[in-house]
Amino acid sequence: MVAVGNKVRGETKARVTAAGKTYSQSETVALVEKAAGGNISAFGELYSIYLDQIYRYVYYQVKDKMAAEDITEDVFVKAWKSIKSCKGKETTFLSWLYRIAHNHMINTLRRENRMVSIEKIQSVDFTDPKEEIETKAEYKELLENITYLPENQKQVVILKFITGMDNREIGNIMGKKEGAIRVLQMRALNTLREKLGGDRK
Amino acid sequence: MTQHKLSEALDECLTRIRKGEPVRNCLAEYPHLQKELVPLLHTAVSIEAAPKVSPSDKFRRVSRSRLLARLLEEPARKAELYEETTIFDRLGVIGRIFEIAPVQLLKVAVPLVLALMIFSAGLSYFGLNSIISPSAEQESYCTLATLSGSVQWQGEGSNDWEMAEDGMALEEGSWVRTATNSQAVLTFSNGSAVKLDPSTVLMVEQIEYGSNDQSPVIVMNQWLGRTSSSVEKLADHKTHYEIQTPSATAVVCGTIFNTEVDEIGATTVQTIEGLVSVGAQGEEVYVAAGKQTSVTPGAPPSIPVVSGLTEGAAPVIIEVVSEQPPAEATIIEPEPDVEATEPQVVAEQDLSADEGAVVTEDEAAAEDGIALSWQGEYNQWLILAVLGSILFSFGMIMIFRRKT
């Protein structure tokens, strides 16, 4: 899982796969250019490429399958409405998409005053059913604790450890310096460790 | 020890672990921080190792169709489609740069700008999309998504209508019908989509996505109602997209259009982007963007006229009203990479961009493959370019005079 413009992880990872097709960074940039020019098909391709990442990012924050699906779809509609603003900034498309996702999610949750319930995790579609059985209990506990992290820390944890981004990309999305991301990351892990340790006691 | 040092050590360890280094190797470099680092690294690794959620297969199948349908209905975006940077915008920017630059630069810059304009026109003509689009083998499928109300379908050879399931795959020979308050969208794996408005009956006659050396072929029979099509092509393939109605056949490449068939079998085809060929009774007209043609049963297509569609209207509308069998298909092989432009099959025919033209099948076949660059949208584009050049030159002269 790699973002466009990820220099840290190099060319071998600067490719994304969607529906069996693999896209190089230059191909995704070209798709963004075409989409910014009004090409719906190119935007559809981008949707296929980034659907999983955006869905995952949203899901881990709302923890409701239906809500995550609705928000994910809305994020792409919003992105399409303002895709022209991506012209000249094609390499940061994914960061831009995450920012839209974050803002839209926050607004939606505020509007609906959604109460997060851990019971909703039952509806998760795990990528591996075997793994699901083995790790569900532990995973639920971890996920629940991530939910109660302060907003900034939660965002760093999800972007870093669940969507696999690096500090530079996270900094772009959150509008913070890499040093600040490192500190938030440490604080989040510290809080989670204390929480998990406390729960076990 | 400061938090800053610990956060840096933690991040360094996480980066190295992510690259595959054992945890102990990282810890060995920070012996004085091991006590703090170990539990933090353990927590981080646990999160990364947790199973990842993914959208359900059904959502994945349906959502793209639904999204494309929503995008086609976005009035704001529709308006923006026509607000691309014009040549005047570019000239304006260049003019401002020249205003603050030494006058001598004009001698170099003017020919350069003209060369760029010619180059960009060339790129448009030969299809920039063909250069930058990814090439990929297409998976063959047609997915039905219910947008609202109840939608029914009928498999090939079946006489019973069944409730359609959102996200279901349709095969060749399948029928779809929408109720009076229902809408559905069919999405094909090459990115093309057709939206069915209420009270529409449509049959998927042919879907063929080939391997690398084959062109996708999509053929549908629209018996009743109104559809909106958005046709996309792969960069290295020409897509044959065709809708047959009881009175006409609409053949499209790389465009957006509406088709409407009324209760007496009359067909109306409206084009929002690109160009659509409409054939009936051995005659054919080309419907450019912003135009529409009507076909009554047994008659040739009418001369295209301004459609009067407002911004945000559905792209390609075909409307049909008849129980008669569809007319014989007139298959045209559009040249590849002519997105939102006229197909080269109309080359050198006396086709007016404003009025459309009526040509016979024989004439069309005889002229097949000959390029026509001075028609329709290109014509408008080139006129704009010429006007822009004149205005630009005039502006430069004025600036030069003021400075001297």
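Structure's up top.
In this text the structure is predicted, and so the values were computed from the model without any measurement.

Each helix and strand counted, chain B has 10 helices and 18 strands in total. Buried positions account for 51% of the 404 residues belonging to chain B. Intrachain contacts of chain B at a sequence separation of at least 6 include 60% that bridge at least 24 residues. Accessible area of chain B: about 18,600 Å², with a carbon and sulfur share of 56%.

Bringing helix α7 (residues 151-162) of chain A into the picture now. Residue and element names in this part refer to chain A. When the terminal C-alpha atoms of α7 are compared, their 16 Å separation across 12 residues agrees well with the 16 Å that a helix rising 1.5 Å per residue should span. Burial within α7 is extensive, with 10 of its 12 residues counted as buried. All of the buried residues along α7 are Gln-153, Lys-154, Gln-155, Val-156, Val-157, Ile-158, Leu-159, Lys-160, Phe-161 and Ile-162. After α7 finishes, the residue Gly-164 shows a positive phi value of roughly 80°.

For a regular strand, the rule is simple: side chains alternate between the two faces of the sheet. All names here are of chain B. Here strand β9 (residues 240-244) lies mainly inside the structure; 5 of its 5 residues are buried. Neither face of β9 is left uncovered, since the one carrying His-240, Glu-242 and Gln-244 and the one carrying Tyr-241 and Ile-243 both have all their residues buried. Pairing of strand β8 (residues 217-230) with β9 involves 5 bridges; the strand directions are parallel. By the bridge assignment, Ile-218 is partnered in β9 with Tyr-241. In this structure, β9 lies alongside strand β10 (residues 249-252), joined through 4 bridges in antiparallel fashion. The residue bridging Glu-242 from the neighbouring strand is Val-251, located in β10. Taken together, β9 and the strand that follows it, β10, pair antiparallel across an intervening segment of 4 residues.

All names here are of chain B. Burial of strand β11 (residues 256-261) is extensive: 6 of the 6 residues sit out of reach of the surface. Here β11 shows a buried face lined by Ile-256, Asn-258 and Glu-260 and a second buried face lined by Phe-257, Thr-259 and Val-261. Looking at chain direction, β11 and strand β12 (residues 267-273) are connected through 5 bridges and run antiparallel. Its bridge partner being in β12, Ile-256 is matched across the sheet by Glu-273. Once β11 ends, the chain turns through 5 residues before running back antiparallel as β12, passing Gly-265 with a positive phi of about 95°.

Following the criterion strictly, the structure yields 9 salt bridges over all chains and no others. Residue Glu-151 of chain A pairs with Lys-154 of chain A through a salt bridge whose shortest N-O separation is 3.8 Å. Highlighted residues: Glu-151 of chain A and Lys-154 of chain A, both in helix α7, separated by 3 residues, approximately one helical turn. Assessed through its relative accessible area of 9%, Lys-154 of chain A is described here as buried. Salt-bridge contacts for Glu-8 of chain B lead to Arg-182 of chain A; the nearest nitrogen and oxygen are separated by 3.7 Å. With Glu-8 of chain B in helix α1 (residues 3-18) and Arg-182 of chain A in helix α9 (residues 178-200), the pair connects residues from two separate chains. Classification of Glu-8 of chain B by relative accessible area gives partly exposed; the value is 35%. Exposure remark for Arg-182 of chain A: the relative accessible area of 18% places this residue in the buried category. Shared partners join several salt bridges into a network, and the residues in it are Lys-195, Asp-197, Arg-226 and Glu-260 of chain B.

We describe a pair of aromatic rings using the distance from one ring centre to the other and the angle between the two ring planes. All names here are of chain A. Considering all chains together, one arrives at 10 aromatic pairs over all chains under this definition. Relative to Tyr-98, the ring of Tyr-57 lies with its centre 5.1 Å away and its plane at 85°, an arrangement referred to as edge-to-face. Pair noted here: Tyr-57 is in helix α3 (residues 40-62) and Tyr-98 is in helix α5 (residues 93-112), with a separation of 41 residues, a long-range link. Overall, the relative accessible area of 0% leaves Tyr-98 in the buried class. Each residue in the set Phe-43, Tyr-47, Phe-76 and Trp-80 is aromatic and connected to the rest through ring pairs, giving one cluster.

With that out of the way, let us pick up a nonpolar patch on the surface. On the surface, Ile-383, Val-386, Leu-387 and Ile-390 of chain B cluster together to form a nonpolar patch covering roughly 370 Å² of accessible area. Mapped onto the elements, Ile-390 of chain B comes out in helix α10 (residues 376-403).

Residues and elements named next belong to chain A. In contact at an axis separation of 8 Å, α3 and helix α4 (residues 65-81) are set at 140° when each is read in the N-to-C sense. In this view, α3 runs oblique relative to α4, as classed from their interaxial angle. Along this stretch, α3 crosses α4, giving a crossing that reads as right-handed. Contact residues: α3 offers Ile-40, Phe-43, Leu-46, Tyr-47, Tyr-50, Leu-51, Ile-54, Tyr-55, Val-58, Tyr-59 and Val-62, while α4 offers Lys-65, Ala-67, Ala-68, Glu-69, Ile-71, Thr-72, Val-75, Phe-76, Ala-79 and Trp-80. Residues of the contact of α3 with α4, tallied by class, amount to 18 nonpolar, 1 polar and 2 charged.

What counts as what
Residues numbered from 1 in each chain as written. Chains lettered and ligands numbered in written order. Predicted model: local features only at pLDDT ≥ 70, side-chain atom pairs only at ≥ 80, totals over all residues. Heavy atoms only, no water. Helix = DSSP H or I, 4+ residues; strand = E, 2+ residues; numbered from the N terminus. Buried < 20%, exposed > 50% of the residue type's maximum accessible area, 1.4 Å probe, protein only. Contact = heavy atoms within 4.5 Å. Areas by Shrake-Rupley, 256 points an atom, 1.4 Å probe, with all protein chains shown as cover. Expected span 1.5 Å × (residues − 1). Pairing = 2+ DSSP bridges. Salt bridge = Lys/Arg side-chain N within 4 Å of Asp/Glu carboxyl O. Phe/Tyr/Trp six-rings, centres within 6.5 Å; stacked < 30°, edge-to-face > 60°. Patch = residues over 30% accessible without salt bridge, like charges linked within 9 Å, V, L, I, M, F, W, Y side chains within 5 Å. Axes fitted to C-alpha atoms, helices over the stretch in contact; angles between N-to-C directions. Parallel < 35°, antiparallel > 145°, perpendicular 65-115°, else oblique. Left-handed = near helix turned anticlockwise from the far one by under 90°. Nonpolar A, V, L, I, M, F, W, Y, C, P; charged D, E, K, R; others polar.

Interpretation note: all reported values are geometric properties and have no functional meaning in isolation.
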